[in-house]
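Next come the chains, spelled out residue by residue.
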Amino acid sequence: MTVLHGIAASAGIAIARAFVLHDDENPKVPRYAITLSDVESEWSRFINALGRAREEIIVLRDKTKKETGDEQSAIFDSHLLMLDDPDLHNSIQNSLKSTLYNIEWVLYQYAADLIQQIEMLDNPILQERSSDIYDVTHRILNHLMYRERFSLADINHDIVLIAHNLLPSDIVSMNKKHIKALVMDAGGKTSHTAILARAFEIPAVLGLGNVTQAIKNDELIIVDGDSGVLYVNPEPEQRAYYDGIIRKKEQALKVLLSEINRPATTLDGKICTIKANIEIPEETAAVKKYGAEGIGLFRSEFLFLQSKHVPDEEAQFQAYKKVLEDLAPKPVTIRTLDLGGDKVAPELFISEEKNPLLGWRAIRYCLSDTELFQTQLRALLRASVYGELKIMFPMISGVQEVELALEQLEQAKEYCRSKDIVIKDTIPVGIMIEIPSAALIADILAQKVNFFSIGTNDLIQYTIAVDRGNEKVAYLHDQFHPAVLRLIRHIIEEGHKAGISVGMCGEMASDPLALPLLLGFGLDEFSMSAISVPRTKQIIRSLQYNEAKELAEYSVALENSAKIVSHIKNYLSDKISDTI
Ligand code: PEP
Ligand code: MG
């Protein structure tokens, strides 16, 4: 048995065989000279590979249509059309004859040239097409090179997925039913990959460095997502121990689920609101199952990452409407696009940047592409009549951004009125406070909006200057750093002075150790992965608000997080149990 330690990124225990995903997206394409007499046989190799790619795309299209509907499957119809494009056929045939290179190389060059030409045009719509060209030509290439094209969506038996680094878009499109746990070389606790693993209730241990080298396919693995430990080829005693833990957790969950409708009221009567974060509309089922009192954060950018293209106004409207209707009359906060940073997909239009986390992200991106922003705002306004919508802007760094975003919203409202589109009269508008500059001018920002939501994942990243997805500096990503706590306290105080509600939708909101502090600071609303809701409500019900206030005041004056954590642990020791 080998024991490996990483970052406990998504809670839960899983036992299954390893499936190691090696990055071989770009295997070397062979290049060799042919003669004129070979042209015909190379051409027929191309036609055969094209036929196999066609069969594969038809299967994918039908499956997608059944599972997610027409909008997503339409992309495969366009891939089928590309296979029959006379331009493709003529260009390949001509270059085979003119260059006298093998078909793999000719096809590879054709795709590379076309993609380069399109990318130089700087047109987002056409750039979207370049990812389709890449996809279709690589599918044919894979057949020419006798390689099976592998997709995480095709996994059909239970596995522990071991990978170097998966993009958030990989997680949304993989077959979640059979991926029992996720283990990666890279990643931190608040990376979006970790957040998604929690949303989909997949235990995850991340940031192991070189786990893809240490584990072989089919080895039996126990993944302990609670403590960040992996057991490779476990001893029978270890296995028996974890089978016992799994049973205990199932029992504890049953108890929690039996009281999901009880509010989160402290022993001395302070009522807290506990909501859920979601990434895709399908998660509303879990939001209801776990008794959340609304959605505190719908990360709308995942609609883009999931479908790997820009959804039009109608597709966005349908998604927002579904979520609002599913939750009504409970409130739903939909955050406008926060693409960029680690939320990118090769198929989307975000360009490569030297410092993506400090770059063209979220509201900055939307304010520079107002057509894209207006499309989203119109879709949101149209959906507003189907439930209790709140709109939230991400990554606000100063007053001007709020004002520009509000102007954009006003413009979208005027458009709707001019077209007689019915929208809700009052839609609360809020901002995320996740950049230190915004936290420090919370008093000014609070005059402009109806609510704040603290995004601790980014606030910690930018306050301590620590990349939230980089395992090498993960030890510095510390939510109990006194600087972070002081900023949080300041945001809540300033929000309250201005009479607005202050919530938190960063991962800190569900950390049992952070709860008494946040309660003591007076946080109004806690929003988190749906599965964390019942446990959070239970903990809050066991606390005294008056005690929490004292604890928070005392803790924030301590000099480091170790002292703060030990003080909170002492306070909580007789109040909460360890299970779940
Ligand atoms: C945050 O930064 O805390 C947050 C909730 O937003 P995201 O994780 O999507 O960046
Ligand atoms: Mg954020």
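The residue numbers shown here count from 1 along each chain, following its written sequence. Key to labels: chains lettered from A, ligands numbered from 1, both in the order written. Only residues with pLDDT of at least 70 get local features here, since the model is predicted, and only at 80 or more are side-chain atom pairs given and counted; chain-wide, interface and lining totals rely on the full set of residues. Values shown for side chains rest on all heavy atoms present in the structure; no hydrogens or waters enter the calculation.

Enquirer: How should the overall build of the protein be read in this particular structure?
Expert: Here a strand is any run of E in DSSP of at least two residues, a helix any run of H or I of at least four, and the numbering for each starts at the N terminus. On a plain count of helices and strands, the protein comes out with 23 helices and 17 strands. Here the C-alpha atoms of the protein give a radius of gyration of 26 Å, agreeing with the 25 Å that 2.2 N^0.38 yields for 580 residues. Principal-axis analysis of the C-alpha atoms gives the protein an extent of 90 × 70 × 40 Å. Note on exposure labels: buried denotes an accessible area under 20% of the residue type's maximum, exposed denotes more than 50%, and partly exposed covers the range between, all computed with a 1.4 Å probe on protein chains only. Residues counted as buried form 56% of the 580 residues belonging to the protein. Note on definitions: a residue-residue contact is assigned when non-hydrogen atoms from the two residues lie within 4.5 Å. The contacts in the protein between residues at least 6 apart in sequence include a share of 70% that link residues at least 24 apart. As displayed, the protein has an accessible area near 25,200 Å², and 51% of this comes from carbon and sulfur atoms. As used throughout, the charge tally considers Lys and Arg to be positive and Asp and Glu to be negative, leaving His and the chain termini uncounted. For this purpose, a charge sits on NZ of Lys, CZ of Arg, CG of Asp or CD of Glu. Side chains of the protein give 61 positive and 82 negative charges; the mean places of these two sets differ by 4 Å. As defined in this context, the radius of gyration uses C-alpha atoms, and a globule is described by 2.2 Å times the residue total to the power 0.38. What sets the accessible areas is the Shrake-Rupley method with a 1.4 Å probe; for residues, cover comes only from the shown protein chains.

Enquirer: I keep staring at the packing of helix α22 (residues 545-556) against helix α23 (residues 561-572) and nothing clicks. Help me out?
Expert: Describing two packed helices takes the angle between their axes plus the distance from one axis to the other. At a minimum axis distance of 10 Å, the contact between α22 and α23 shows a crossing angle of 160°. With respect to α23, the axis of α22 lies roughly antiparallel. For the crossing formed where α22 meets α23, the hand is right-handed. On the side of α22, the interface is formed by Glu-547, Ala-548, Leu-551, Tyr-554 and Ser-555, while α23 contributes Ile-564, His-567, Ile-568 and Tyr-571. Under this grouping Gly is polar, as are all residues other than the nonpolar Ala, Val, Leu, Ile, Met, Phe, Trp, Tyr, Cys and Pro and the charged Asp, Glu, Lys and Arg. Within the contact of α22 with α23, the residues separate by chemical class into six nonpolar, two polar and one charged. Each axis is a line fitted through C-alpha atoms, and for a helix only the stretch in contact is used; angles between axes span 0 to 180 degrees, taken between their N-to-C directions. Just so you know how the angles are binned, under 35 degrees is roughly parallel, over 145 roughly antiparallel, 65 to 115 roughly perpendicular, and the rest oblique. Here is the rule for handedness: rotate from the far helix to the near one, and if that takes an anticlockwise turn smaller than a right angle the crossing is left-handed, while a clockwise turn gives right-handed.

Enquirer: How should the pattern of salt bridges be read in this particular structure?
Expert: A side chain of one charge can pair with a side chain of the opposite charge if their charged atoms are brought near each other. For this document, the term salt bridge refers to a Lys or Arg side-chain nitrogen within 4 Å of an Asp or Glu carboxyl oxygen. Across all of its chains, the model carries 30 salt bridges by this definition. Between Glu-525 and Lys-275 there is a salt bridge, and its shortest N-O distance comes to 3.1 Å. Of this pair, Glu-525 sits in strand β17 (residues 525-529) while Lys-275 sits in strand β10 (residues 271-278); the two residues are 250 residues apart in sequence, bridging distant segments of the chain. Judged by its relative accessible area of 15%, Glu-525 is buried. Close ionic contact of Glu-301 with Arg-335 constitutes a salt bridge, the shortest N to O distance being 2.6 Å. Residue Glu-301 is found in helix α11 (residues 301-307), and its partner Arg-335 is found in strand β12 (residues 331-335); the two are separated by 34 residues along the sequence. A cluster of three or more residues bridged by salt bridges with shared partners is formed by Glu-301, Arg-335, Asp-338, Arg-361, Asp-458 and Arg-468.

Enquirer: Please clarify how the coordination of the magnesium ion (ligand 2) should be interpreted in this entry.
Expert: Between any two of four tetrahedral donors, the ideal angle at the metal is 109.5 degrees; between two of six octahedral donors, it is 90 or 180 degrees. All of the protein donors around the magnesium ion (ligand 2) are Glu-434 (OE) and Asp-458 (OD); their distances to the metal are 2.0 to 2.1 Å. With a gap of 24 residues between them, Glu-434 in the loop between β14 (429-433) and α16 (436-440) and Asp-458 in helix α18 (residues 456-464) connect regions that are remote in the sequence. A relative accessible area of 2% places Glu-434 in the buried class. Sites may look incomplete, because water is not among the atoms used; the donor set itself consists of N, O and S atoms within 2.8 Å of the metal (3.2 Å for Na, K and Ca).

Enquirer: It is not clear to me how a nonpolar patch on the surface should be interpreted in this structure. Could you clarify?
Expert: Nonpolar side chains collect at one region of the surface, where Val-385, Tyr-386 and Val-422 lie side by side and expose about 260 Å² of accessible area between them. Along the chain, Val-385 turns up in the loop between α14 (370-383) and β13 (388-393). According to the relative accessible area criterion, Val-385 is partly exposed, its value standing at 38%. Here the term patch refers to residues with relative accessible area over 30% and no salt bridge, with like charges joined within 9 Å and nonpolar side chains (Val, Leu, Ile, Met, Phe, Trp, Tyr) within 5 Å.

Enquirer: Would you explain the sheet that holds strand β3 (residues 13-21) in this entry?
Expert: Spatially, β1-β8-β7-β3-β4-β5-β6-β2 is the arrangement adopted by the eight strands of the open sheet, whose pairing is mixed. On the outer flanks of this sheet lie β1 (2-5) and β2 (7-10), each paired with one strand and no other. Strand after strand, the sheet turns through a mean of 30° between neighbouring axes, direction not considered. Whether two strands pair comes down to DSSP finding at least two bridges between them. Sheet analysis places strand β4 (residues 159-163) next to strand β5 (residues 179-184), joined by five bridges and oriented parallel. What sits directly across from Leu-161, in β5, is Leu-182. Its contacts with the sheet place helix α7 (residues 192-199) against β2, β5 and β6 (204-206), and it is angled at close to 50° to β2. In the packing of helix α9 (residues 236-258) onto the sheet, the strands contacted are β3, β7 (220-224) and β8 (229-232), and the crossing angle to β3 comes to about 115°.

Enquirer: Would you take a moment to explain helix α12 (residues 313-327) for this structure?
Expert: Side chains of residues three or four places apart in an α-helix project in the same direction, reflecting 3.6 residues per turn. Expected helix span is taken as 1.5 Å per residue step, with the number of steps being one fewer than the number of residues. In a regular helix each residue adds 1.5 Å, so 15 residues correspond to 21 Å; α12 covers 21 Å between its end C-alpha atoms and thus fits that length. Every buried residue of α12 is accounted for by Glu-313, Ala-315, Gln-316, Phe-317, Ala-319, Tyr-320, Lys-321, Val-323, Leu-324 and Leu-327.

Enquirer: I would appreciate a short explanation of the packing of aromatic side chains in the present structure.
Expert: In this description, a pair of aromatic rings is defined by centroid distance and the angle of the planes. Stacked, edge-to-face and tilted are the three classes for Phe, Tyr and Trp ring pairs, Trp counted by its six-membered ring, which pair at centre distances within 6.5 Å; planes under 30 degrees apart are stacked, over 60 edge-to-face, the rest tilted. Counting across every chain of the model gives eight aromatic pairs. Seen in terms of ring centroids, Trp-105 and Tyr-108 are 5.4 Å apart; in terms of plane orientation they differ by 40°. Their pairing is tilted. Taken together, the residues span about one helical turn, with Trp-105 and Tyr-108 both in helix α4 (residues 103-120) at a distance of three residues. With a relative accessible area of 16%, Trp-105 lands in the buried category. Among the residues examined, Tyr-108 registers a relative accessible area of 31% and is labelled partly exposed. Between Phe-298 and Tyr-320, the aromatic rings sit 6.2 Å apart at their centres with planes inclined by 80°, giving edge-to-face as the arrangement.

Enquirer: How should the site of ligand 1 be read in this particular structure?
Expert: Taken together, 17 residues form the shell around ligand 1, and within it Arg-299, Arg-335, Gly-455, Asn-457 and Arg-468 come nearest. Within the backbone of Gly-455, a nitrogen or oxygen atom sits 3.4 Å from an oxygen atom of ligand 1. Between an oxygen atom of ligand 1 and a side-chain N or O atom of Arg-468, the distance comes to 2.7 Å. For ligand 1, whose accessible area on its own is 290 Å², the fraction buried by protein is 100%. When at least one non-hydrogen atom of a residue lies within 4 Å of a molecule or strand, that residue is treated as near it. Distance and chemistry together define a polar contact, namely a pair of N or O atoms within 3.5 Å, with one atom able to donate a hydrogen and the other to accept it when in protein, and with adjacent residues in sequence counting only for side-chain atoms on both sides.

Enquirer: What is the right way to read α9 from this model?
Expert: Between its first and last C-alpha atoms α9 spans 34 Å; for 23 residues at 1.5 Å apiece the expected length is 33 Å, and the two agree. By the burial criterion, the buried members of α9 are Gln-238, Tyr-242, Lys-249 and Leu-256. Packing partners of the buried residues in α9 comprise β3, β7, β8 and α21 (533-541).

Enquirer: I tried to follow the nonpolar core on my own but got confused; where do I start?
Expert: Generally speaking, nonpolar side chains in soluble globular proteins are found buried as a group. Buried residues of nine kinds, namely Ala, Val, Leu, Ile, Met, Phe, Trp, Tyr and Cys, make up a nonpolar core once their side-chain atoms join them within 4.5 Å. By size, the foremost hydrophobic cluster in this structure holds 126 residues, and its most contacted members are Leu-161, Phe-393, Phe-452, Ile-488 and Phe-526. The element contributing the most residues to this core is α14, with seven residues. Where each domain starts and ends follows an automatic or database-derived domain assignment. Both domains that furnish three or more residues to this core are identified here as domain 1 (2-23 + 155-250) and domain 3 (259-572). In this structure, Leu-161 is in contact with Phe-19, Leu-21, Leu-152, Leu-166, Met-174, Ile-179, Ala-181, Leu-182 and Val-183, ignoring residues within four places of it in sequence.

Enquirer: Would you mind going over the domain arrangement of the protein with me for this structure?
Expert: Interfaces are often described in size by the accessible area the parts lose on coming together. The assigned domain composition of the protein is domain 1 (2-23 + 155-250), domain 2 (36-145) and domain 3 (259-572). For domain 1 and domain 2, the distance between their C-alpha centres works out to 35 Å.

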